[in-house]
Amino acid sequence: MKEKAELIKQIIELQQQVNRFLGQYAPEAWMELNLTIAQLKSLFFIASEGAINFRKLAAALGVTPSNVTGIIDRLVEQGLVSRVENPEDRRMLLLQATDKGEALLANLRESSISHLSDILDRLNPKELSSLARGLGALVKAAETSRGENKDEDD
């Protein structure tokens, strides 16, 4: 049991090192952003949800809906987010990422994928195969854990 705990600790430390190495590279796509962290988080969340209301975004960010208004105003001004009428309740506005907002996020993702691909290219096929198996097992464990947590929430 102690050996398993040590392995878990080692894996977490290695993951943190990988994150630091990936974070050391500041791709131009990230550096050229004219967004605050709150705006970027909001854009990512809105895009992942499709269309959401101010309350849901505020809850996700841990702020009040009135705090979200300024964030959204700036995202709308930059053409990254739009406010649309909710077809179920015309008094409520929904937030959606625009094509420009989606393109910006796609560019950021592609930049990260490209950088990670360059790093992975330095591994030999045997190392890549081992890494793929290990990450596959991690994904399965995460899916199982997520399913158990959903059952607890219901």
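Up top you'll find the structure we're talking about.
In this text, all values refer to a predicted model and were calculated from it rather than measured experimentally.

Visitor: Before we go on, may I ask you to explain helix α4 (residues 54-61) in this structure?
Guide: Of the residues making up α4, those classed as buried are Phe54, Leu57 and Ala58. Seen end-on, α4 carries its buried residues on one side only, within an arc spanning 100 degrees. Residues of α4 that are exposed and angled more than 90 degrees away from the buried face: Arg55 and Ala59. Where α4 is buried, its residues contact α3 (37-49), β1 (51-53), α5 (65-77), β2 (81-86) and β3 (89-97). Between a side-chain oxygen at the N-terminus of α4 and the backbone nitrogen of Arg55 the separation is 3.0 Å; the capping residue is Asn53. Once α4 ends, the next one or two residues include Gly62, with phi positive near 75 degrees.

Visitor: Please clarify how the packing of α4 against α5 should be interpreted in this entry.
Guide: How two helices pack is summed up by the angle between their axes together with the distance between the axes. One can describe the packing of α4 onto α5 by two numbers: an axis separation of 9 Å at closest approach and a directional angle of 100 degrees. In terms of their interaxial angle, α4 and α5 are classed as roughly perpendicular. Two secondary-structure elements touch here, α4 through Phe54, Arg55, Leu57, Ala58 and Leu61 and α5 through Pro65, Val68, Thr69, Ile71 and Ile72. Grouping the amino acids of the contact of α4 with α5 by side-chain chemistry returns eight nonpolar, one polar and one charged.

Visitor: How should I be thinking about a nonpolar patch on the surface in this particular structure?
Guide: A contiguous nonpolar surface patch, about 600 Å² in accessible area, is contributed by Leu116, Ile119, Leu120, Leu123, Leu128, Leu131, Leu135 and Leu138. Those elements giving two or more residues to the nonpolar patch turn out to be α6 (99-120) and α7 (125-153). Under the relative-accessibility criterion, Leu131 is labelled partly exposed at 36%.

Visitor: Looking at this model, I keep getting lost on the sheet that holds β1. Mind explaining?
Guide: Each strand in a sheet pairs with another by means of backbone hydrogen bonds, the pair being arranged parallel or else antiparallel. Taken together, the three strands give an open sheet; going across it, the order is β1-β3-β2, and neighbouring strands pair in antiparallel fashion. Both outer strands of the open sheet, β1 and β2, are each paired with one neighbouring strand and no more. Between one strand axis and the next, the sheet turns through 40 degrees on average, direction left out of account. As defined by bridge partners, β1 adjoins β3 across three bridges and the pair is classed as antiparallel. By the bridge assignment for β3, Asn53 is matched with Leu94.

Conventions used here
Residues numbered from 1 in each chain as written. Predicted model: local features only at pLDDT ≥ 70, side-chain atom pairs only at ≥ 80, totals over all residues. Heavy atoms only, no water. Buried < 20%, exposed > 50% of the residue type's maximum accessible area, 1.4 Å probe, protein only. Helix = DSSP H or I, 4+ residues; strand = E, 2+ residues; numbered from the N terminus. Arc of directions from axis to C-beta. Contact = heavy atoms within 4.5 Å. Polar contact = N/O pair within 3.5 Å; in protein donor to acceptor, adjacent residues only side chain to side chain. Axes fitted to C-alpha atoms, helices over the stretch in contact; angles between N-to-C directions. Parallel < 35°, antiparallel > 145°, perpendicular 65-115°, else oblique. Nonpolar A, V, L, I, M, F, W, Y, C, P; charged D, E, K, R; others polar. Patch = residues over 30% accessible without salt bridge, like charges linked within 9 Å, V, L, I, M, F, W, Y side chains within 5 Å. Areas by Shrake-Rupley, 256 points an atom, 1.4 Å probe, with all protein chains shown as cover. Salt bridge = Lys/Arg side-chain N within 4 Å of Asp/Glu carboxyl O. Pairing = 2+ DSSP bridges.

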